[in-house]
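An overview of the molecular structure
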Amino acid sequence: MNRYGLGTTAGMTFDEAFSTAAPAPLKASATMDTAKSSICEDPSSPCHDERRRHRHDDDDDDDDDDDDGTVTGERRHDDVEDRYHVHPRVIGSGHHGTVRECVERATGRRCAIKSIRKDDARFGPDAVAREVSILRETRHRGIVGLVDVVEDEEYVHVVTDLCRGGELYDGIIRKTSNRRDGDAPCFEEGEAARIVCQILSAVSYMHERGIVHRDIKPENILFETPDEDSPIKIIDFGLSRKHFENAQPPMSALVGTPYYIAPEVLVKKYDKACDLWSVGVVAYILLCGYPPFNGANNEEVYDAVRRGRYRFHSEEWSRSSRESRDFVRRLLRKNPLERMTARQAMHHPWIRKHVVVDRDEEYATTSDEERQDVPFVEVVLRGSERRDTIRAGGDSG
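Residues numbered from 1 in each chain as written. Predicted model: local features only at pLDDT ≥ 70, side-chain atom pairs only at ≥ 80, totals over all residues. Heavy atoms only, no water.

Take the UniProt feature "binding site: ATP" (unreviewed entry) in the protein chain next. UniProt's entry tags K118 with the feature "binding site: ATP" (unreviewed entry), counted in the numbering of this structure. Within the element layout of this structure, K118 appears in the loop between β3 (110-117) and α4 (125-137). At a separation of 2.7 Å, a polar atom in the side chain of K118 contacts the side chain of E151. (UniProt positions renumbered as here; feature names shortened; annotations may be inferred. Helix = DSSP H or I, 4+ residues; strand = E, 2+ residues; numbered from the N terminus. Polar contact = N/O pair within 3.5 Å; in protein donor to acceptor, adjacent residues only side chain to side chain.)

Here helix α8 (residues 273-288) crosses helix α11 (residues 322-331) at 150°, and the two axes come no closer than 8 Å. As the angle between them shows, α8 and α11 are arranged roughly antiparallel. Considering only the axes of α8 and α11, their crossing is left-handed. Facing α8, whose interface residues are L276, W277, V279, G280, A283, Y284 and L287, α11 presents S324, F327, V328 and L331. A breakdown of the residues in the contact of α8 with α11 according to their chemical character gives 9 nonpolar, 2 polar and no charged. (Axes fitted to C-alpha atoms, helices over the stretch in contact; angles between N-to-C directions. Parallel < 35°, antiparallel > 145°, perpendicular 65-115°, else oblique. Left-handed = near helix turned anticlockwise from the far one by under 90°. Contact = heavy atoms within 4.5 Å. Nonpolar A, V, L, I, M, F, W, Y, C, P; charged D, E, K, R; others polar.)

Helix packing geometry: the angle between the two helix axes and the distance between the axes. Relative orientation of the contacting elements helix α6 (residues 189-208) and α8 amounts to 170°, with a least axis distance of 10 Å. Taken together, α6 and α8 sit at an angle that is classed as roughly antiparallel. Together, E189, A192, I195, V196, I199, L200, V203 and H207 of α6 and D275, L276, V279, V282, A283, L286 and L287 of α8 make up the contact between the two elements. Classifying every residue of the contact of α6 with α8 gives 12 nonpolar, 1 polar and 2 charged.

Moving on to the nonpolar core. Counting 84 residues, the largest nonpolar core has I199 and F327 as the members making the most contacts within it. For this core, the leading source of residues is α8, giving 12 residues. Once residues lying within four places of it in the same chain are set aside, the contact partners of F327 are V196, L200, A283, M340, A345, H348, W350 and I351. The next biggest cluster of nonpolar side chains, apart from the first, holds 8 residues, and it includes Y84, C111, I113 and V150. (Core = buried A, V, L, I, M, F, W, Y, C linked by side-chain atoms within 4.5 Å. Buried < 20%, exposed > 50% of the residue type's maximum accessible area, 1.4 Å probe, protein only.)

Scanning the entire structure with this criterion turns up 19 salt bridges. The shortest N-O distance in the salt bridge between E137 and K242 comes to 3.2 Å. Highlighted residues: E137 in helix α4 and K242 in strand β9 (residues 241-242), separated in sequence by 105 residues. Taking relative accessible area as the criterion, K242 reaches 26% and is therefore assigned partly exposed. Between R209 and E208 there is a salt bridge whose closest N-O contact spans 2.6 Å. Each of the salt bridges in this network shares a partner with another, and the network as a whole consists of K114, E131 and D236. (Salt bridge = Lys/Arg side-chain N within 4 Å of Asp/Glu carboxyl O.)

Relative to the 22 Å expected for 16 residues at 1.5 Å per residue, α8 spans 23 Å between its end C-alpha atoms, a close match to the ideal helical length. Looking one or two residues past α8, G289 carries a phi angle of roughly 100°, positive in sign. (Expected span 1.5 Å × (residues − 1).)

Given below as structure tokens:
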């Protein structure tokens, strides 16, 4: 069983196993911590050895450490405690370090601080410098804000906004665990659309600036406050990079997290559209409580992603709107050229039905508009079991 409590039946194909019954709702499992890791953190993953050899993955344009001997170019400080009181309890972890709450001594401001140990075997100076550089560049309400960077002999400390509402993943767990008869399988459609629209707004902002996140998943989406209608923020840019598809060859590093990784990433030839596949997976989970592609282990998940086949099972999807299913379908297309861009997705009828998109969200790059605009396709529940079988991208994948 994997972190979602899912598995395939022995001797059965992925599609046969799903035709017998819908997967169990999303829930915690004994393998949760392992499955939450990106494939570059998993020692059994195809890219683990490659990652150890090339700490900065496929980014040949990264600069070396700054001339002053620091990783980030920040002035060295003898002790981060001079500036911040750092609480000992770990509240999270990222690709390059552990996260704790801290208080800025001069102002009393509460922040989050990610401490990255330089002698850690996984430490990659170029990757850390790139993460800091990208955070410095971003200013968006749906992206965690960079507050400060403190570097000493042993650590790089990255100080960011503190989000007190927890992970979207934990919210999914609560929704599925506390479900009662008559409730939605996970989030109500209006709630899910509001969350997804905020994710898309942040992704559109990143893509306009040539930033590809490459690891969008519920664990990297935090609620800003504990309130029911709390805004969200995307965090952890440890695998992100700058990429301009019209001027650079496709990206080739095998990075991401199994449930959310796009099929083109698995063949090591992809661009920013990989982020939209991940958003499609997140949207699917928000609406039903389990992932569209599953397996008993990472390799089975990768195989399911490569096939790109998923279903809208009757028990969880029978009350869903046609627009919601069409939205998911237009993101989970194997051919990235047929996939909606972030801006197009923000204007999909399902989003428009539930969310008023502000004028300041109306931005897109020229390359966004150059993507093929596939007409909306009606998706209906059909057959005796009232479920849809979808092959992402149809015959073109």
